[in-house]
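In case you want the letters, here they are:
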Amino acid sequence: MFRGERLVLRGVSLSVAAGGALVLRGDNGTGKSTLLRTLAGLAPLAGGQIFWNGVPAMADFPSHAARIAWLGHLDAVKPALSVAEHVTDQTALTDMGLERFAALPARFLSAGQKRRLALARVAASLRPLWLLDEPTTGLDATSIGRFTALCARHRAAGGMIITSTHVALELPGAEVLAL
Amino acid sequence: MKTLIARELRLALRQGADTVAALVFFIICGTMFAFGVGPDPALLAALAPGVVWVAALLAALLPLEKLFGADFEDGTLDLLLLSGLPAYIVALAKACAHWLTTGLPLLLIAAPLAVMLRLPNHAMPLLLAGLVPGTLIFSLVGTLAAALTLGARRAGVLMALITLPLMIPALIFGANAVIAPHPLGAFAFLGAIFCLALPLAPLAAGAALRVAVE
């Protein structure tokens, strides 16, 4: 996998089963984000293949994209839109403790609250594979607890999570890939 | 795609400054010509179609930089490309939104500007009828340029350098339609350019978006 002209990762092999979770660990710049972007199909694969249930995933990019809930290092929150306009699913907002702010324009949110909003959007997407890049950046302890509860529920329903993180995340039975 | 356009319109409505800036620029640009050329009605009337067209193209350039730029910077573009829609549909939705928030208002305000420039009454429908495909073509070509220059330094200048030369054919036929004795030919060419741009520009813009997020 290349990032710009630079070879970042080679010889990476991973798999996640339904209900499984994979934690990517590694120092800054080791290619965790690049790997996530490649799995999402946003960055090109220089060599090798990605399979979904045994079928090459990138053959049909739009349907691959429709399986993925993406959380990048940016929150993709629009200051001019209200919280409820970002995430219409009221339960997802409640799960992340944002129900009180539903009518509030997102420009009034703090950095941590914006992150929670982005996580609520992931939860509301109902997509099977969550790709999360440092999901807990800026979150307080309560919110991390809420987030891990969401993860557990997602996995119990057969969903999958691949996440990069520097902190200890409570994902029972998660495999760890050190880059 | 409808939701995407609706979202763009809602954002444009909340941040109305962009549309207003384009409209004010359009009027000022047209007025400057009148001041520069002088008050001779015959001369102004002869210049009016070209001036309105050029001013409209320049004004429509203004919001292009933010068309994808804002989404690129806050990470929304990644989500749009992962929305399950093909990239060219995302580009097409953006082009539609650009036309609805810039092309259509320009079209509405072009008539008073043309009157100010002493365009004869009988020529007005021809000018406006030509501007409809003209602004549509601009939105498509502009979307392509905005996608191509995404992430580049000095994207605004590059965008103008890519878009304006591509608009020359539409400008020639559009301005010609107003004064030609048989305007049908010019309209046929405008229609042909639109038919060419409609599939090609979003396809190319979609590919450019995929490259931009890599």
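Residues numbered from 1 in each chain as written. Chains lettered and ligands numbered in written order. Predicted model: local features only at pLDDT ≥ 70, side-chain atom pairs only at ≥ 80, totals over all residues. Heavy atoms only, no water.

**Student:** What's the story with the packing of helix α7 (residues 124-148) of chain B against helix α8 (residues 155-179) of chain B in this structure? I'm lost.
**Tutor:** How two helices sit against one another is set out by the angle between their axes and by the gap between those axes. Residue and element names in this part refer to chain B. Put simply, α7 and α8 touch, their axes get as near as 9 Å, and they point 165 degrees apart. Judged by the angle between their axes, α7 and α8 are roughly antiparallel. For the pair α7 and α8, the crossing hand works out as right-handed. Contacts between α7 and α8 pair L126, L127, G134, I137, F138, V141, G142, A145 and A146 from the former with M159, I162, T163, L166, M167, A170, A177 and V178 from the latter. The class makeup of the residues in the contact of α7 with α8 is 14 nonpolar, three polar and no charged. (Axes fitted to C-alpha atoms, helices over the stretch in contact; angles between N-to-C directions. Helix = DSSP H or I, 4+ residues; strand = E, 2+ residues; numbered from the N terminus. Parallel < 35°, antiparallel > 145°, perpendicular 65-115°, else oblique. Left-handed = near helix turned anticlockwise from the far one by under 90°. Contact = heavy atoms within 4.5 Å. Nonpolar A, V, L, I, M, F, W, Y, C, P; charged D, E, K, R; others polar.)

**Student:** Explain the sheet that holds strand β3 (residues 21-25) of chain A here, please?
**Tutor:** Within a beta sheet, neighbouring strands are joined by backbone hydrogen bonds and run either parallel or antiparallel to one another. All names here are of chain A. Taken in spatial order, the five strands of this open sheet run β6-β7-β8-β3-β9, and their pairing is parallel. For this open sheet the edge positions go to β6 (68-71) and β9 (175-178), each flanked by a neighbour on one side alone. Adjacent strand axes in the sheet meet at a mean angle of 15 degrees when their direction is disregarded. The pairing of strand β7 (residues 129-133) with strand β8 (residues 160-164) spans five bridges and is parallel. Paired with L129 across the bridge in β8 is M160. Contacts between helix α5 (residues 111-124) and the sheet are confined to β6 and β7, with β6 contributing the most and set at about 175 degrees to the helix. (Pairing = 2+ DSSP bridges.)

**Student:** Please explain the pattern of salt bridges as it appears in this structure.
**Tutor:** For side chains bearing opposite charge, pairing can occur when the charged atoms are close. One pass over the full model with this rule turns up 10 salt bridges over all chains. One salt bridge in this structure joins R153 of chain A and D95 of chain A, with 2.8 Å as the shortest N-O distance. In this pair, R153 of chain A is assigned in helix α6 (residues 141-156) and D95 of chain A in helix α4 (residues 90-95), connecting sequence segments 58 residues apart. One continuous salt-bridge network, built from bridges that share partners, spans K78 of chain A together with E8, D71, D74 and K94 of chain B. (Salt bridge = Lys/Arg side-chain N within 4 Å of Asp/Glu carboxyl O.)

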